[in-house]
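Structural characterization, general
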Amino acid sequence: MKLGKIFLFLFTFSVINLFAQDKQNEWQYYFDKPATIWEESVPLGNGRIGMMPWGGIEHERIVLNEISMWSGNKQDADNSDAYKHLGEIRKLLFEKRNKEAQELMYKTFTCKGKGSEGIDYGRFENFANLYIDFIYAESSEPVQYKRALDMNNALSTISFTKNNIEYKREYFTSFTDDIGLIRYTANKTKALNLKVSLQRDENFETYASGNILYIYGQLRAGEGYTGMKYMGMVKIANKGGKLSTTNKEINVEDADEVTLFVSMVTDYNNANYERLVSGLLNNAGNNYEKLKKNHIEAYQRLFNRADLTLDKNKNSGLPIDKRLEAFATDKTDYDLAALYMQYGRYLLISSTRPGNLPPNLQGLWAPQIKTPWNGDYHMNINLQMNLWGAEMFNLSELHMPTIEYVKSLAEPGGKTAKIYYNSRGWVTHILGNVWGFTSPGEHPSWGATNTAGAWMCQDLWEHYVYTQDIEYLKSVYPTMKGAARFFEDMLIEDPNNGYLVTAPTTSPENAYKMPNGDVVSICAGSAMDNQIIRELFTNVESAANLLNVDEKWIKNISSKKERLAPTTIGKYGQVMEWLEDYEENEPHHRHVSQLYGLYPGYEMTYEKTPELMEAAKVSLNRRGDQSTGWSMAWKINFWARLKDGNRAYKLIGDLLKPAKNNWGTYPNLFSAHPPMQIDGNFGGSAGIGEMLLQSHEGFIELLPSIPEGWKNGNVKGMKGRGGAEVSFDWQNGNIRDINLKADVDNKFIVKLPEGKPEISGTNNYRIENGKLYLTLKKNDKVKIKIK
């Protein structure tokens, strides 16, 4: 990454012309004590680097992260012999010998090597730990301790009084200068005495020189490969007092103020990483207040675009850990849901940015070397869930790193498609890393899912639907076409029913019982696969028509789409998960893949498929509400689409239950799988958005799924499909004022709430069957007052 590229990102945000906004609500949470576990520390990030300070009085730990900090290497994991066995695997499946098919796959149809368990595959790792030890003149207990995350300004602040001296600390990861900053102050001179060091659990060297600490090293890689290199620098600037250096520490005595400037870089796509890490420090300079001001202005250009106001109660001012405990028994703290929605937006802004990587399973925060599930890109829902809120929450450009990542998989995925399936196009399975891994996983029971790339293409299409950017659509169409071409070749007729099916495949991570009692995961044509492929073919057809290309080819795709199995209702009245009405091995399984067409897809609606909507409720009730954090987040979205706001809010309560070695939410609001998995945050936040505004049916609907308790509220700056920015408020459950701004020339449909509408700002409208039809030019603003 070149230095200029980093600052180009910032300039892009500075020229955005935003719709006029009201003053933003104040968003923060706080603790009244230092963190004792990582899940009590607070996350800071600028889309590339992250810091998580713990706030210890005598001993401060700050976890440092850099999003490209990956071990492993590019590898050839495709098994060249796999295709030889594809015909036999399919034959066994079609003969109902599914267990034998699965056993054959374990022997013949996996990746080479150890897959996600191997050194080559790698993992996202902690960058380093910054330790600051404080020495005080007297030993006394601190009072008035407060440690806060300020989401309005992307800052963390700490204040406390000790020995009658007030100490303050401030932390941020700069959105303009791409470094971390930490400042320690006191209201008495010569009150700061501290020593600073850098450490890591493995593969590092550290030393101190002058007023700079250094850490560097090389991560593990497979045999014959060079591991990723990294370097970090921490510059210490003191006002007053004395600075001295030992071999691996820097000491500051009797200072009035101490500022730490933290730079972190890897050599991922960046051969000049050593020059860049020092260049960032040099370019930043030493003017802390200027750096802070520029950082806040750049961050707020993103965060201040959208807002939500809901009613507070007596618990709304509690420390966040106590507030979560209170919410478990008193759900009238409606503002906590608004905070959680904005926290999701904050985390997305903090964990990805244009020109960089998507947020992984950890976002970009991790305290350990061995991150859970490698901190990778799982693509049977997890990576997709991370971006569910990007468009609706007015953060469209933050979708681009994920979109570029998907485009990057087409080349290695083309090789995988040919080797395993003898198909054109490209494919990827459940696993993803920064090295272009697209092979099946090491365990077919979960690693054989081959619709991950097709699912990711929904992100490519949704970005167009929201932005209406035809040039962008031209850029992603080849990737979407390649994903469709894979299934054009790979789909095979099931002789038992005549449908075109994916074979072999799975319904992600779930298993079923055969009539003879065998428990099997491998199948032909799961419901999710059919829904995803049907959606992919539909979207590719729409894109081709918009671009006026591939007319003949699209006809073939459309004919194949008609031969996919429809979504079907089973013997319990549920949506069937497989082509046959098997018994689930785990009725309460965390994945609810057969409802992809309800959310995030939109195949199922009350208008088009009322029977399936009722069957979806049966499926969800059979699954149950309580599950992993991300699963409950998904269910919030399901019930929002089912227009049951009370059930969706009940699931918000389940998701926000304090996690104590189980599912729920950790004290710092990180979602618990457990352990921490950030998709639950993004999915839960998106679910709250889905309760407030929906636009998947071709029209904008406001408050489709709010609970009875949300009597009053205000939404600012949410997005609807088609290129509309929408703000509105409601009182006693009745929508009063709606403001809509067109981001592009387009036609918009708004489902009107009850009451008499008064329209101003345009004459290009008509009202028909309870819907407002608008024809607007870019930047037109329409006000709708409901009386």
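Structure: see above.
Throughout what follows, the structure given in this document is the object of discussion. (Residues numbered from 1 in each chain as written. Predicted model: local features only at pLDDT ≥ 70, side-chain atom pairs only at ≥ 80, totals over all residues. Heavy atoms only, no water.)

1. Points about the overall build of the protein chain
The helix and strand inventory of the protein chain stands at 19 helices and 34 strands. Against the 2.2 N^0.38 benchmark of 28 Å for 787 residues, the protein chain shows a C-alpha radius of gyration of 27 Å, consistent with a compact globule. Over its C-alpha atoms, taken along the principal directions, the protein chain stretches across nearly 80 × 70 × 50 Å. Burial status across the protein chain gives 64% buried among its 787 residues. Long-range contacts, defined as pairs at least 24 residues apart, comprise 69% of the intrachain contacts of the protein chain with a sequence gap of at least 6. When the accessible surface of the protein chain is summed, it comes to about 28,400 Å², and 47% of that surface belongs to carbon and sulfur atoms. (Helix = DSSP H or I, 4+ residues; strand = E, 2+ residues; numbered from the N terminus. Rg over C-alpha atoms; globule rule 2.2 N^0.38 Å. Buried < 20%, exposed > 50% of the residue type's maximum accessible area, 1.4 Å probe, protein only. Contact = heavy atoms within 4.5 Å. Areas by Shrake-Rupley, 256 points an atom, 1.4 Å probe, with all protein chains shown as cover.)

2. Things to note about the sheet that holds strand E10 (residues 192-199)
Within a sheet, each strand pairs with its neighbour through backbone hydrogen bonds, oriented either parallel or antiparallel. Strand order across the open sheet formed by seven strands is E2-E3-E4-E5-E10-E15-E14, with antiparallel pairing between neighbours. In the strand order of this sheet, the two ends are held by strand E2 (44-45) and strand E14 (242-245), each with one partner. As paired strands, strand E5 (residues 128-134) and E10 are joined by six bridges and run antiparallel to one another. Following the sheet pairing, Phe134 is matched in E10 by Leu194. (Pairing = 2+ DSSP bridges.)

3. A closer look at the pattern of salt bridges
Considering all chains together, one arrives at 56 salt bridges under this definition. The partner of Lys33 in a salt bridge is Asp321, and the shortest N-O contact between them spans 2.6 Å. One end of the pair, Lys33, is in the loop between strand E1 (28-31) and E2; the other, Asp321, is in helix H6 (residues 320-327), with 288 residues separating them in the sequence. Classification of Lys33 as partly exposed rests on a relative accessible area of 33%. (Salt bridge = Lys/Arg side-chain N within 4 Å of Asp/Glu carboxyl O.)

4. Thoughts on helix H17 (residues 629-641)
Across its 13 residues, H17 extends 19 Å between first and last C-alpha, which sits within 8% of the 18 Å expected from 1.5 Å per residue. Taking burial as the measure, the 13 residues of H17 include 13 buried ones, the bulk of the element. Downstream of H17 by one or two residues, Lys643 has phi in the positive range, about 65°. (Expected span 1.5 Å × (residues − 1).)

5. Here we look at the packing of H17 against helix H19 (residues 679-692)
Contact pair H17 / H19: the axes reach a minimum separation of 8 Å and the direction vectors enclose 15°. Taken together, the axes of H17 and H19 are roughly parallel relative to one another. Considering only the axes of H17 and H19, their crossing is left-handed. Contact residues: Gly629, Trp630, Ala633, Ile636, Asn637, Ala640 and Arg641 in H17; Asp679, Gly680, Gly683, Gly684, Ala686, Gly687, Ile688, Glu690 and Met691 in H19. Here the residues of the contact of H17 with H19 sort into seven nonpolar, six polar and three charged. (Axes fitted to C-alpha atoms, helices over the stretch in contact; angles between N-to-C directions. Parallel < 35°, antiparallel > 145°, perpendicular 65-115°, else oblique. Left-handed = near helix turned anticlockwise from the far one by under 90°. Nonpolar A, V, L, I, M, F, W, Y, C, P; charged D, E, K, R; others polar.)

6. Thoughts on the sheet that holds strand E21 (residues 519-520)
With antiparallel pairing, the three strands of this open sheet are ordered in space as E21-E20-E22. Looking along the sheet, the strands with just one partner apiece sit at the ends: E21 and strand E22 (583-584). Strand direction decides the pairing type here: strand E20 (residues 512-513) and E22, joined by two bridges, are antiparallel. Across the sheet, the residue bridging to Tyr512 is Glu584, located in E22.

7. With respect to unusual backbone geometry
Geometrically, the link from Ala503 to Pro504 is a cis peptide bond, its omega value of 0° lying close to zero. Even without glycine at this site, Asn163 takes up a positive phi of about 55°. As for its position among the elements, Asn163 is in the loop between strand E7 (155-162) and strand E8 (165-173).

8. A look at the side chain of Asn510
Counting through the fold element by element, Asn510 comes out in the loop between strand E19 (500-501) and E20. Accessibility expressed as a relative area gives 1% for Asn510, which makes it buried. A polar contact is formed between the side chain of Asn510 and the side chain of Glu577, at a distance of 3.3 Å. The residues contacting Asn510, other than those within four sequence positions of it, are Ser521, Glu577, Trp578, Glu584, Glu586, His589 and Arg623. (Polar contact = N/O pair within 3.5 Å; in protein donor to acceptor, adjacent residues only side chain to side chain.)

9. Re the pairing of strand E28 (residues 724-731)
Among the eight residues of E28, seven are classified as buried, and the element is accordingly described as predominantly covered. Pairing of strand E27 (residues 713-720) with E28, which is carried by six bridges, proceeds in the antiparallel orientation. The partner of Gly720 across the bridge, within E28, is Ala724. Two successive antiparallel strands, E27 and E28, enclose a turn made up of three residues, where Gly722 displays a positive phi of approximately 105°. Where E28 lies against strand E29 (residues 734-742), eight bridges are found, and the strand directions are antiparallel. Paired with Trp730 across the strands is Ile735, a residue of E29. Connecting the antiparallel pair E28 and E29 is a turn made up of two residues, with Asn732 showing a positive phi of about 50°.

10. A closer look at the pairing of strand E16 (residues 257-266)
With respect to burial, E16 is a largely interior element, ten of its ten residues being buried. Both faces of E16 are covered, namely the face carrying Glu257, Thr259, Phe261, Ser263 and Val265 and the face carrying Val258, Leu260, Val262, Met264 and Thr266. By the bridge criterion, ten bridges tie strand E13 (residues 229-239) to E16 in an arrangement that is antiparallel. Each residue of the ladder has a partner; that of Ala237, found in E16, is Thr259.

11. Description of the packing of aromatic side chains
Aromatic ring pairs are described here by two measures, namely the spacing of the ring centres and the angle between the planes. For the structure on display, the rule yields 38 aromatic pairs. Here Tyr512 and Tyr582 contribute two aromatic rings whose centre-to-centre distance is 4.2 Å and whose plane-to-plane angle is 15°, an arrangement assigned as stacked. In this pair, Tyr512 sits in strand E20 while Tyr582 sits in the loop between helix H15 (551-561) and E22, placing the two residues 70 residues apart along the sequence. You can call Tyr582 buried: its relative accessible area is 14%. Here the aromatic cluster, defined as three or more aromatic residues joined through ring pairs, consists of Tyr29, Phe31, Phe175, Tyr299, Phe303, Tyr343 and Tyr346. We note Lys162 situated over the ring of Tyr136; from NZ or CZ to the ring centre the distance is 5.1 Å. Arg345 extends its terminal NZ or CZ atom over the ring of Phe303, reaching a point 5.3 Å from the ring centre. (Phe/Tyr/Trp six-rings, centres within 6.5 Å; stacked < 30°, edge-to-face > 60°. Lys NZ or Arg CZ within 6 Å of the ring centre and 35° of its normal.)

By themselves these figures say nothing about function.
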